[in-house]
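# Residue-level structure breakdown
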Amino acid sequence: LKFNSQEEAHEAAIKKYEEFSQKQGQERLVSGSDDFTLFLWHPKESKHPIKRLTGHQQAVNHIAFSPDGRYFASASFDKKVKVWNGFSGDFLATLTGHVGAVYQVAWSGDSRFLVTASKDSTAKLWEVPSGKRAKGTLPGHADEVYALDWSPNGGSVATGSKDRTIKIWKH
């Protein structure tokens, strides 16, 4: 979208945020730690977390909410990804299949799929929340996969590796 001024862009962003907020209810935040836990917060209401989430066996590396806000996923050095209810923080599923630490997660724009990047030199594709086993493995890197993200239209995933390559995968 093109805007005629910074103020117009700012107003459009505020309007979009308010529309999203009305659908989502209160604002939520999740933090992860090297003590293997996550905390769910309602930052506009309290300076204290509302829930402590446990289950990882090693440090939590990355957390991401799904675009629709219904879920969030946590990646850990314990080689697992956990999927949680984005509103209550209730545990939903553990995604197992990586044989190395999981560094990053990324949600598809429609919140149906999750991709994960791992020390095991692969990325994996998961269908959420139903799939506890990977729908597909994206092999081909010669070293750890540190970064990944979806294209804006959801048609492909890009992965970046310690092997100094970027690969683009068609979905």
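Keep in mind it's a predicted model, so treat the numbers as computed, not measured.

## Section: the pairing of strand β6 (residues 81-85)
Taking burial as the measure, the five residues of β6 include four buried ones, the bulk of the element. Pairing between strand β5 (residues 71-76) and β6: five bridges, direction antiparallel. If you follow Tyr 71 over to β6, its bridge partner there is Asn 85. Counted between consecutive antiparallel strands, the loop separating β5 from β6 contains four residues, among which Lys 79 sits at a positive phi close to 75 degrees. Adjacent in sequence and paired antiparallel, β6 and strand β7 (residues 91-95) are bridged by five residues, among which Gly 89 carries a positive phi angle near 80 degrees.

## Thoughts on the sheet that holds strand β8 (residues 102-107)
Reading across from one edge, β8-β9-β10-β11 is the order of the four strands in this open sheet, with antiparallel pairing throughout. At either end of the open sheet lies a strand with only one pairing partner, and these are β8 and β11 (136-138). The average undirected angle you get between the axes of adjacent strands in this sheet is 25 degrees. Bridge count for strand β9 (residues 113-118) against strand β10 (residues 123-127) is five bridges, and the pairing is antiparallel. The partner of Leu 114 across the bridge, within β10, is Trp 126.

## Some points on the pattern of salt bridges
Applying the stated rule across the entire model yields six salt bridges. A salt bridge links Glu 144 to Lys 162; its shortest N-O distance comes to 3.9 Å. Of this pair, Glu 144 sits in the loop between β11 and β12 (145-150) while Lys 162 is found in the loop between β13 (156-161) and β14 (166-170), placing the two residues 18 residues apart along the sequence. Owing to a relative accessible area of 44%, Lys 162 belongs among the partly exposed residues under this scheme.

## Focus: the side chain of Ser 161
Here Ser 161 is to be found in strand β13. Among the polar contacts made by the side chain of Ser 161, one reaches the main-chain carbonyl oxygen of Glu 144 at a distance of 2.8 Å. Not counting residues up to four positions away in its chain, the partners in contact with Ser 161 are His 141, Asp 143, Glu 144, Val 145 and Tyr 146.

About the criteria used
Residues numbered from 1 in each chain as written. Predicted model: local features only at pLDDT ≥ 70, side-chain atom pairs only at ≥ 80, totals over all residues. Heavy atoms only, no water. Buried < 20%, exposed > 50% of the residue type's maximum accessible area, 1.4 Å probe, protein only. Helix = DSSP H or I, 4+ residues; strand = E, 2+ residues; numbered from the N terminus. Pairing = 2+ DSSP bridges. Axes fitted to C-alpha atoms, helices over the stretch in contact; angles between N-to-C directions. Salt bridge = Lys/Arg side-chain N within 4 Å of Asp/Glu carboxyl O. Polar contact = N/O pair within 3.5 Å; in protein donor to acceptor, adjacent residues only side chain to side chain. Contact = heavy atoms within 4.5 Å.

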